[in-house]
Amino acid sequence: HELLENMPVRNVVSWSALITGYSQQGQNEEALKCFDKMQHEGLSPNVITLSCILKACGGVGAIEKGGMIYDDIVNKNLLGKDIALGNTLLDMYAKCGALEKAQAIFEELPAQDVVSWNALMTGYAQLGQSNVVLDLFQKMRAECIVPDSITFLVLLTSCTHAGLFEEGEKLFDDMCFVFSLNPELEHCTCMIDLFCRAGHFDKAKVLLEKVEVLLNDKEPSYNNLPLFL
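Below you will find a few notes about this structure. Please read all numbers here as calculations on a predicted model, not as lab measurements.

Rules used throughout
- Residues numbered from 1 in each chain as written.
- Predicted model: local features only at pLDDT ≥ 70, side-chain atom pairs only at ≥ 80, totals over all residues.
- Heavy atoms only, no water.
- Axes fitted to C-alpha atoms, helices over the stretch in contact; angles between N-to-C directions.
- Helix = DSSP H or I, 4+ residues; strand = E, 2+ residues; numbered from the N terminus.
- Parallel < 35°, antiparallel > 145°, perpendicular 65-115°, else oblique.
- Left-handed = near helix turned anticlockwise from the far one by under 90°.
- Contact = heavy atoms within 4.5 Å.
- Nonpolar A, V, L, I, M, F, W, Y, C, P; charged D, E, K, R; others polar.
- Expected span 1.5 Å × (residues − 1).
- Buried < 20%, exposed > 50% of the residue type's maximum accessible area, 1.4 Å probe, protein only.
- Polar contact = N/O pair within 3.5 Å; in protein donor to acceptor, adjacent residues only side chain to side chain.
- Arc of directions from axis to C-beta.
- Phe/Tyr/Trp six-rings, centres within 6.5 Å; stacked < 30°, edge-to-face > 60°.

### Considering the packing of helix 8 (residues 114-126) against helix 9 (residues 130-142)
In contact at an axis separation of 9 Å, helix 8 and helix 9 are set at 165° when each is read in the N-to-C sense. Relative to helix 9, helix 8 is oriented roughly antiparallel. Classified by chirality, the crossing of helix 9 by helix 8 is right-handed. Contact residues: helix 8 offers Val 114, Trp 117, Leu 120, Met 121, Tyr 124 and Ala 125, while helix 9 offers Val 132, Val 133, Leu 136, Phe 137, Lys 139 and Met 140. In the contact of helix 8 with helix 9, the residues fall into 11 nonpolar, no polar and 1 charged.

Below, the structure written as structure tokens:
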């Protein structure tokens, strides 16, 4: 920031670099202040700037600011040209709890990838709408979109909060054996929580012991974790 302030000439690239840094470090308020200063200098944001500011808006719930940026994106006809920017916009509305708007953005995208579906499912999961999350997953699979580890983390978290033991156990099994995804610590934590809520303390203990062994392993492999499923 000090370097930028001392530059004789600042352009959108230098401002975007600083805004990106603040956004990546979770300093969303600072990112928004820099964005305002950049615009005050008469500079127009590029796609990178817009993506970072949308992320910052989602981080602090600045939905009005995000709406202004959405209008700018529409005026520049960028929504249909850059799927990453569209996904960031979708994620911003989802994190702000504006699910109707997020759903509308999702449907406006020229194509939806796994990031698009994850963002929408995360929004519904945050509002505790587990049935909608599971329904979206089925629609995602019907579109032949291959889920990733984030998809299953959202699904398992939703099942845990809703107490959906059988659904969660099957999803964990599918993640490991159908989609060949190694469960990470967050997935295992969700399953341990889910097992305990359902009263399956034996399964929770087995998984916890396996995780403890793997955490102490120099080259951990989660391939053999779900042996009890």
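### What to know about helix 10 (residues 149-162)
Given a rise of 1.5 Å per residue, 14 residues ought to cover 20 Å, and the 20 Å separating the end C-alpha atoms of helix 10 matches this to within 8%. The set of residues buried in helix 10 consists of Thr 151, Phe 152, Val 154, Leu 155, Leu 156, Ser 158, Cys 159 and Thr 160. For helix 10, the capping residue at the N-terminal end is Asp 148, with a side-chain oxygen 3.1 Å from the backbone nitrogen of Ile 150. In the stretch just after helix 10, Gly 163 is the one whose phi turns positive, near 70°.

### Some points on unusual backbone geometry
For Asn 77, which is not a glycine, the phi torsion comes out positive at approximately 60°. Mapped onto the elements of the fold, Asn 77 is located in the loop between helix 5 (63-75) and helix 6 (83-95). Phi at Cys 144 is positive, roughly 65°, even though this residue is not glycine. Here Cys 144 lies in the loop between helix 9 and helix 10. By relative accessible area, which is 64% here, Cys 144 ends up exposed.

### Quick look at the environment of Gly 67
With respect to the secondary-structure elements, Gly 67 resides in helix 5. Look at Gly 67 and you get buried, because its relative accessible area is 15%. A sequence separation of 107 residues divides Gly 67 from Asp 174, and the C-alpha atoms of the two residues are 38 Å apart. If we ignore the near neighbours within four places in the chain, the residues touching Gly 67 are Met 92 and Tyr 93.

### Remarks on helix 3 (residues 28-40)
Between the first and last C-alpha of helix 3 there are 18 Å, a value that for 13 residues agrees with the 18 Å anticipated at 1.5 Å per step. Among all positions of helix 3, only Asn 28, Ala 31, Leu 32, Cys 34, Phe 35 and Met 38 are buried. For helix 3, the angular spread of buried residues about the axis comes to 160°, placing them on one side. Summarising the contacts, the buried residues of helix 3 are in contact with helix 2 (12-24), helix 4 (47-60) and helix 5. Gly 42 lies just past helix 3 and shows a positive phi near 85°.

### Description of the packing of aromatic side chains
On inspection of all chains with the given rule, the structure shows 5 aromatic pairs. For the pair Phe 137 and Phe 152, a centre-to-centre distance of 5.9 Å together with 65° between the ring planes defines the contact as edge-to-face. Of this pair, Phe 137 sits in helix 9 while Phe 152 sits in helix 10, and the two are 15 residues apart along the sequence. We classify Phe 137 as buried; its relative accessible area is 5%. We classify Phe 152 as buried; its relative accessible area is 0%. Through a chain of ring-to-ring contacts, three or more aromatic side chains come together here, namely Phe 137, Phe 152 and Phe 179.

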